[in-house]
Amino acid sequence: MKYKLIAIDLDGTVINQEGKVIPSARAAVQTAIAAGIKVTLATGRMYRPSNRFAQELGLSDPLICYQGALIREPDDKAILWHKPLSVPLAREITEQIRRIGTHQYLYINDELFVENTHEKDAWYAERNGVPLNVVSDLLSVLKQEPTEIAARGDAAHIDRLIAHLNDYFGKSLIVTKVHSMFCEIVSPESGKGNALKHLAGLMGIEQSETVAIGDGPNDISMLKWAGLGIVIGSAPEEVKAVADWVVDSCGDGFAQAIEELLEGS
């Protein structure tokens, strides 16, 4: 086969706006696996929800989660790559987010921590299938390295926070705007591109033998690194600009791309 590893984003690629796997996408993934191609997720989501989607899609290869900060085998098995934020850096990030006054989340050992709960917190925890740990002070739990920190707020707040973090920390962080009211902060050693490179190396797969499929700015690094970068048509122009190939839509467009990949292999 020309391609041996496909990394797929979840939301907007194989999952619809209701958070459900699109049947045609599931069938396409199964077709690729049956043809001998390895398929992994490359998502910003926590490990536990990623693992559930992997089960639904029938995946058995390691999963890239937390914007590339974690690679872990399905079903709570071995961690193969973990690039957390250092405790001193995480504490400083927390303080700087407080300066802007934005609600924040802390992720340690695939657990979710907040203080001063936001109206969206219960929904967010339920969406990820994890308990919500409410603490009086996030700094009190920052004794272990967090995999990620995130922030939620109105669009203006998030834009202000991202600008502040980028100005204050420079290249010490990767700050990803997931949507207008949410951003995620991870180590500069992470990122989907770095994680995909590492996973391909572990599998003995060449860069030219990899495919990345996504639709968001957080997918750009893996779309650039992969031998073939496929972008969903609803993606922003900045994402389409790095694509080798743009397909019409999530789900059906994704399925068509897999079909054509297999026909060309």
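Residues numbered from 1 in each chain as written. Predicted model: local features only at pLDDT ≥ 70, side-chain atom pairs only at ≥ 80, totals over all residues. Heavy atoms only, no water.

Now for the overall build of the protein chain. If you tally the helices and strands in the protein chain, you get 9 helices and 14 strands. A compact globule built from 265 residues would reach a C-alpha radius of gyration of about 18 Å, and the protein chain, at 18 Å, matches this within 12%. Its C-alpha atoms put the protein chain at 55 × 35 × 30 Å along the principal axes. Evaluated residue by residue, the protein chain yields a buried proportion of 54% over its 265 residues. Considering only contacts within the protein chain whose residues lie at least 6 apart along the sequence, 58% involve residues at least 24 apart. (Helix = DSSP H or I, 4+ residues; strand = E, 2+ residues; numbered from the N terminus. Rg over C-alpha atoms; globule rule 2.2 N^0.38 Å. Buried < 20%, exposed > 50% of the residue type's maximum accessible area, 1.4 Å probe, protein only. Contact = heavy atoms within 4.5 Å.)

Ordered by their spatial adjacency, 6 strands build an open sheet running S8-S7-S6-S9-S11-S10, and the pairing between neighbours is mixed. Edge positions in the sheet fall to strand S8 (132-134) and strand S10 (174-179), since each of these pairs with one other strand and no more. Averaged over all adjacent pairs, the angle separating strand axes in this sheet is 25°, with direction ignored. Across 3 bridges, the pairing between strand S6 (residues 103-108) and strand S7 (residues 111-114) is antiparallel. Across the sheet, leucine 106 pairs through a bridge with phenylalanine 113, a residue of S7. Across the sheet, helix H4 (residues 121-128) lies against S6, S7, S8, strand S9 (148-152) and strand S11 (182-186), angled at about 30° from S6, the strand it touches most. (Pairing = 2+ DSSP bridges. Axes fitted to C-alpha atoms, helices over the stretch in contact; angles between N-to-C directions.)

Attention now moves to the pattern of salt bridges. Applying the stated rule across the entire model yields 15 salt bridges. Notably, a salt bridge pairs arginine 98 with glutamate 95, separated by 3.7 Å at the nearest N-O pair. In this pair, arginine 98 and glutamate 95 are both assigned in helix H3 (residues 87-100), 3 residues apart and thus about one turn of the helix distant. Residue arginine 98 is classed as partly exposed on the basis of its relative accessible area, which comes to 31%. Salt-bridge contacts for arginine 98 lead to glutamate 115; the nearest nitrogen and oxygen are separated by 3.2 Å. (Salt bridge = Lys/Arg side-chain N within 4 Å of Asp/Glu carboxyl O.)

A complete count under the given rule lists 0 disulfides for this structure. Cysteine 183 provides the cysteine sulfur closest to cysteine 65, a residue in no disulfide bond, and the two sulfurs are 19 Å apart. For cysteine 65, a relative accessible area of 0% gives the class buried. Take cysteine 183: its relative accessible area is 0%, and that puts it in the buried class. (Disulfide = S-S within 2.5 Å.)

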